[in-house]
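These are the residues of each chain, in order.
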Amino acid sequence: MINSFIKISKLQFVRVIYWLFLTYMVAAFIWWYVTLVKQNDQIANVQYGSIQSSDPSIAKKVNAIQDYQLRKNKQYIGEGLTIIFLFLLGAIYVYRSLIKQIRYSNQQQNFMMAVTHELKTPIAITQLNIETLLKRNLDPDQQRKMLEVSLLETQRLDNLCNNILLASQLDMGQYQTNTQSFDFSFIVNSVVKIFQSRFPERSFIANVQEAVQIKGESVLIQLLLNNLIDNAIKYSGIESPIKIDLEEKNRLIILKVKDEGVGVPVNDKEKIFEKFYRVGAEYTRSTKGTGLGLYLCKRIAMFHHAKLEVSANSPKGSIFTFTYSAE
Ligand code: ADP
């Protein structure tokens, strides 16, 4: 908690210092301009003073001084504005990069903390269950329960490892492709079935059009679906249903995962697809996660030249829509 507070303060600190510096620089430019104009006026006054009142070409000389003074003032304005413009452009660019870098490094730290926690928890639970099974003579029902929990935890661990490995492979362009046509409907039905057996207390409603064929990577598509359903479970209440729709319409294959949970705030609709991004402050979040799942889903959608978007469900919750063009 203290850590997150320090990170927020660091961001605020950089912001305040940056804007102070920028304000100072702009004020200094304005001050230089005022000083130059004043200096220009003083030079003109000296020049006026040097003209003899009996001089026959007095009007011509006064005009020349005024022209010069005007030209100089225009030059200061022109050059000043160009320098301020270029300076602000550079400053905004540096500012945005800096904020992005700080955010990214904060998210990366959060990710490391989350990943350590996410790796250790399933290992600790499984280890404890196995030790208990070995030491105690439990009845078959209890044994089964413990084995089921351990299996669930190892599946979670497997999912996390797959996500981490795949993210780095996709990032480095090292993913070995094996694109082929496959039955999307079959994949969706099987994944939903697995989820239903893993989470018997949850209600999954699948509305899947039969024999929808898609060309791509079945492993990746399966991972995308796993992550979307996993999130729908995580971010909605136990009593609310999760709906999974698949249909092909006008050569568009549309997969929707709908939940009636907390929903995604409007401001975070794009950000949740960024690497390591999680909604809210790290210390206020109670759900497990690493902020990698949706980033991967987006990468998988891009890999298939498809779209992945989030919208609000009615009356509450989210709809994640994967749209693939079968052209
Ligand atoms: P995480 O491991 O945190 O779940 P994700 O990349 O899968 O990482 O999701 C990023 C963030 O998007 C989550 O931390 C959560 O705040 C938000 N999010 C994802 N799916 C949902 C959903 N179905 N409903 C509400 N918020 C969601």
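Rules and cut-offs
- Residues numbered from 1 in each chain as written.
- Predicted model: local features only at pLDDT ≥ 70, side-chain atom pairs only at ≥ 80, totals over all residues.
- Heavy atoms only, no water.
- Buried < 20%, exposed > 50% of the residue type's maximum accessible area, 1.4 Å probe, protein only.
- Helix = DSSP H or I, 4+ residues; strand = E, 2+ residues; numbered from the N terminus.
- Pairing = 2+ DSSP bridges.
- Domains from an automatic or database assignment.
- Axes fitted to C-alpha atoms, helices over the stretch in contact; angles between N-to-C directions.
- Contact = heavy atoms within 4.5 Å.
- Near = heavy atom within 4 Å.
- Polar contact = N/O pair within 3.5 Å; in protein donor to acceptor, adjacent residues only side chain to side chain.
- Parallel < 35°, antiparallel > 145°, perpendicular 65-115°, else oblique.
- Left-handed = near helix turned anticlockwise from the far one by under 90°.
- Nonpolar A, V, L, I, M, F, W, Y, C, P; charged D, E, K, R; others polar.
- Core = buried A, V, L, I, M, F, W, Y, C linked by side-chain atoms within 4.5 Å.

Colleague: How would you summarise the pairing of strand E3 (residues 213–216) if you had to cite specific residues and measurements?
Modeller: Side chains Ile214 and Gly216 of E3 all project onto a buried face; the interleaved residues Gln213 and Lys215 project onto a face where none is buried. Sheet topology note: the strand E1 (residues 180–183)/E3 ladder contains 4 bridges and is antiparallel. Opposite Ser181, over in E3, you have Lys215 as the bridge partner.

Colleague: Could you give me a rundown of the domain arrangement of the protein chain, with the residues and numbers involved?
Modeller: Each domain of the protein chain was delimited in the assignment, giving domain 1 (2–109), domain 2 (121–172) and domain 3 (180–325). Computed over C-alpha atoms, the centres of domain 1 and domain 3 are 52 Å apart.

Colleague: Please give an account of the sheet that holds strand E7 (residues 318–325) that cites residues and values.
Modeller: Two strands in a sheet stick together by hydrogen bonds in their backbones, pointing the same way (parallel) or opposite ways (antiparallel). Pairing in this open sheet of 5 strands is mixed, and the strands run E2-E4-E5-E7-E6 from one edge to the other. The open sheet is flanked by strand E2 (204–208) and strand E6 (307–312), the only strands paired with a single partner. On average, each strand axis in the sheet is tilted by 15° relative to the strand beside it, whichever way the strands run. Summarising the sheet, E6 and E7 pair through 6 bridges and their orientation is antiparallel. Looking at the pairing, Val310 lines up with Phe320 of E7. Those strands touched by helix H6 (residues 293–303) are E6 and E7, and its axis lies near 130° from that of E6.

Colleague: Can you break down the site of the ligand residue by residue, with the values?
Modeller: As a structural note, the neighbourhood of the ligand is formed by 19 residues, with Asn231, Tyr235, Arg278, Thr290 and Leu294 the closest of them. At 2.9 Å from a nitrogen atom of the ligand is found a side-chain nitrogen or oxygen belonging to Asp259. Here Val279 contributes a backbone N or O atom positioned 3.3 Å from an oxygen atom of the ligand. Secondary structure elements with two or more residues in the shell around the ligand: helix H5 (218–234), H6 and E7.

Colleague: So what about the packing of helix H4 (residues 184–198) against H5? Which residues, and what values?
Modeller: Packing of H4 against H5 brings their axes to within 10 Å, and their N-to-C directions diverge by 40°. Classified by the angle between their axes, H4 and H5 sit oblique to one another. Note on packing geometry: the crossing formed by H4 with H5 is right-handed. Listed contacts from H5 to Phe184, Ile187, Val188, Val191, Val192, Phe195 and Arg198 of H4 are Ser218, Ile221, Gln222, Leu225, Asn226, Ile229, Asp230 and Ile233. Taken together, the residues of the contact of H4 with H5 break down into 10 nonpolar, 3 polar and 2 charged.

Colleague: Give a detailed account of the nonpolar core, specifying residues and quantitative values.
Modeller: Grouped together as the largest cluster of nonpolar side chains are 53 residues, with contacts concentrated most on Phe184, Val188, Phe204, Ile229, Leu255 and Phe322. It is H5 that contributes the most residues to this core, 9 residues altogether. Taken domain by domain, the makeup of this core includes at least three residues from each of domain 2 (121–172) and domain 3 (180–325). Those residues in contact with Phe204 that sit more than four places away from it in its chain are Val192, Phe195, Gln196, Phe199, Ile229, Ile233, Ile242 and Ile244. Formed by 8 residues, the second largest nonpolar core is a distinct cluster that contains Val14, Ala91, Tyr95 and Ile99.

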